[in-house]
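# Fold and contact review
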Amino acid sequence: MKLVLVGISHHRAPVELRERVALERQQAGELARRLAADGAEAVCLSTCNRTELYLATEDAAAAEAEATAALVGLSGLGEPELVPALYRLRDESAALHLFRVAAGLDSMVPGEGEILGQVRAAYEAGTAGPLLDRLFREAVHAGKKVRSQTAIAESPASVSSAAAALAEQVFGDLRGRRILVVGAGKVSELAARNLLSRGAEIAFVANRTLDRAGELARHFGAEALPLERVEDELAGADVVVASTSAPGFVVRKEQVARAVRARRGRPLFLIDLAVPRDLDPAINELDGCYLYDIDDLEAVVAETLAGRRREAERAESIVAEEAERFRAWQASLEVVPAIASLRARAEEIRATELRKAEARLGRLSEAERSAVESVTAQIVNKLLHLPTVRMKQAAAAADGVLYADAVRHLFGLGEDER
């Protein structure tokens, strides 16, 4: 089985492209099941910064083409518009990439903690077999190890905290600033907590489901609103933070324009953390309105990098070590069939010769047979131990196939089946 990765992320694609292929967890699971329909393994990881398809299959080229076609189909664009933004990796390169993702080293904000849970959720929603099961379990282990053995996650390390830092930069002081939160999910909650910790007042929480808005609003002493009433509160808000799963814009330019007239020149700061975006980009054209989307947060992120560089180097070392262990395991799979065949042939010979000896010498007692079984089994195990170890070592060094072929030839493995 070969490991194949086809993906798109913030490194090569703006939010306008990423939002076209962003998927909810259920949709990601459905896509994984569709890609695994022919006996392959598939996991779809989709976050605000990336959508990645991981496949384990015998035909890597076909799987890569199918995954590419799936992303192009999701985007609604032609291949010339989307394909240049895609990256394709295989085997150890794909594994190392996922390990770096799980450790937060590939995130817009290095070390951010949300991605580890997202990797685990994608694995649980996907269709994993032996290869992807091992890959994702070890990726989660690597992510945990990085967080426990380095300080990379100690600084503000999430999109939500970066958004709060940006708001503070704009206003200088957030004390007394009224926040309108649009959306009641995890990202909205984290953004609200970060703004609250900097002195802001969470005034309103708006959501499609009013019960959920009320639940979050109670935590912050805020008022819950249905989405339809967001426009009514724009005139009195200082900051709008939006993160919903709505397929289209939740707040449009004309709605904000009507509120601007009542604001009497007071600036309105808007942060769109959603993919697809919640806030109409044309809002930025209005006087006194300052709209930032998820890509704009890179400037805030850059300011945190200097203090993390040394910890990131330590984290990279841990990830590389864990990825090498996975590579060696995957490589060893190349020689497993030959090892199994060799042991099966040796056991067949041992059992046959034991029956012949018993036929010549007469029936053995239970104790005699047990002793002979033990001695002959130990002889076989000791004879095959070193060849087995050497074949696995050769596999890790990329010579495994040659060794496996040599063993099959020397011992005539498989010839009886021809």
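Residues numbered from 1 in each chain as written. Predicted model: local features only at pLDDT ≥ 70, side-chain atom pairs only at ≥ 80, totals over all residues. Heavy atoms only, no water.

## Side note on the sheet that holds strand 6 (residues 201-207)
The strand order across the open sheet formed by six strands is 7-6-5-8-9-10, and the pairing between neighbours is parallel. Each edge of the open sheet carries a strand with a single partner, namely strand 7 (223-226) and strand 10 (289-292). Strand after strand, the sheet turns through a mean of 20° between neighbouring axes, direction not considered. In terms of strand pairing, strand 8 (residues 239-242) meets strand 9 (residues 268-272) through four bridges, oriented parallel. Residue pairing for strand 9: V241 is matched across the bridge by I271. Across the sheet, helix 9 (residues 186-197) lies against strand 5 (178-182), strand 6 and strand 8, angled at about 170° from strand 5, the strand it touches most. (Pairing = 2+ DSSP bridges. Helix = DSSP H or I, 4+ residues; strand = E, 2+ residues; numbered from the N terminus. Axes fitted to C-alpha atoms, helices over the stretch in contact; angles between N-to-C directions. Contact = heavy atoms within 4.5 Å.)

## Here we look at unusual backbone geometry
With an omega of 5°, the peptide bond between V275 and P276 qualifies as cis. Here P276 lies in the loop between strand 9 and strand 10. Even without a glycine there, the phi angle at R264 is positive, about 55°. As for its position among the elements, R264 is in the loop between helix 12 (253-263) and strand 9.

## What to know about the sheet that holds strand 2 (residues 41-46)
Read from one edge of the open sheet, four strands run 2-3-1-4, paired in antiparallel fashion. Edge positions in the sheet fall to strand 2 and strand 4 (87-90), since each of these pairs with one other strand and no more. The sheet shows a mean angle of 15° between the axes of neighbouring strands, direction not considered. Bridge count for strand 1 (residues 2-9) against strand 4 is four bridges, and the pairing is antiparallel.

## Comments concerning the environment of I179
Inspection of the secondary structure assignment puts I179 in strand 5. Judged by its relative accessible area of 0%, I179 is buried. A C-alpha to C-alpha distance of 31 Å links I179 and V119, two positions 60 residues apart in sequence. For I179, the contacting residues outside a window of four places in its chain are L195, A200, E201, I202, A203, F204, V239 and V241. (Buried < 20%, exposed > 50% of the residue type's maximum accessible area, 1.4 Å probe, protein only.)

## Quick word on helix 5 (residues 91-102)
When the terminal C-alpha atoms of helix 5 are compared, their 17 Å separation across twelve residues agrees well with the 16 Å that a helix rising 1.5 Å per residue should span. Counting buried positions along helix 5 gives nine out of twelve residues, so the element sits mostly inside the fold. When we look at burial in helix 5, the residues that qualify are D91, A94, A95, H97, L98, F99, R100, V101 and A102. Downstream of helix 5 by a residue or two, G104 has a phi angle that is positive, lying close to 80°. (Expected span 1.5 Å × (residues − 1).)

## Examining the pairing of strand 2
Taking burial as the measure, the six residues of strand 2 include six buried ones, the bulk of the element. Here strand 2 shows no split at all, with E41, V43 and L45 on one side and A42, C44 and S46 on the other all buried. Hairpin geometry of strand 2 and strand 3 (residues 50-57) is characterised by an intervening segment of three residues between the two adjacent antiparallel strands.

## Things to note about the nonpolar core
V119, L135 and F136 are the most contacted members of the largest nonpolar core, which has 36 residues in total. Those elements giving two or more residues to this core turn out to be strand 1, strand 2, strand 3, helix 5, helix 6 (114-125), helix 7 (130-149) and helix 13 (298-332). Here this core gets eight residues from one element, more than from any other, and that element is helix 7. When sequence neighbours within four positions are dropped, the list of residues in contact with F136 reads V43, Y54, L98, V119 and Y123. (Core = buried A, V, L, I, M, F, W, Y, C linked by side-chain atoms within 4.5 Å.)

## Some points on the packing of helix 6 against helix 7
Taken N-terminus to C-terminus, the directions of helix 6 and helix 7 make an angle of 165°; their axes are 10 Å apart at the nearest point. Regarding the angle of helix 6 to helix 7, the classification is roughly antiparallel. In this structure, helix 6 meets helix 7 at a crossing whose hand is left-handed. Contact with helix 6, carried on its side by I115, L116, V119, R120 and Y123, involves L132, D133, F136, R137, V140, G143, K144 and R147 of helix 7 and no other residues of that element. (Parallel < 35°, antiparallel > 145°, perpendicular 65-115°, else oblique. Left-handed = near helix turned anticlockwise from the far one by under 90°.)

## Concerning the packing of helix 2 (residues 25-35) against helix 3 (residues 60-75)
Relative to each other, helix 2 and helix 3 sit at 145°, their axes nearing to 11 Å. Considering how the two elements wind past one another, helix 2 and helix 3 form a crossing that is right-handed. Contact residues: helix 2 offers L31, R34 and L35, while helix 3 offers E66, A70 and L74. Here the contact of helix 2 with helix 3 is composed, by residue class, of four nonpolar, no polar and two charged. (Nonpolar A, V, L, I, M, F, W, Y, C, P; charged D, E, K, R; others polar.)

## Quick word on the side chain of R277
Here R277 shows up in the loop between strand 9 and strand 10. On the accessibility criterion, R277 (10% relative accessible area) is buried. Once residues lying within four places of it in the same chain are set aside, the contact partners of R277 are V15, E16, E19, G248, F249, D272 and D293.

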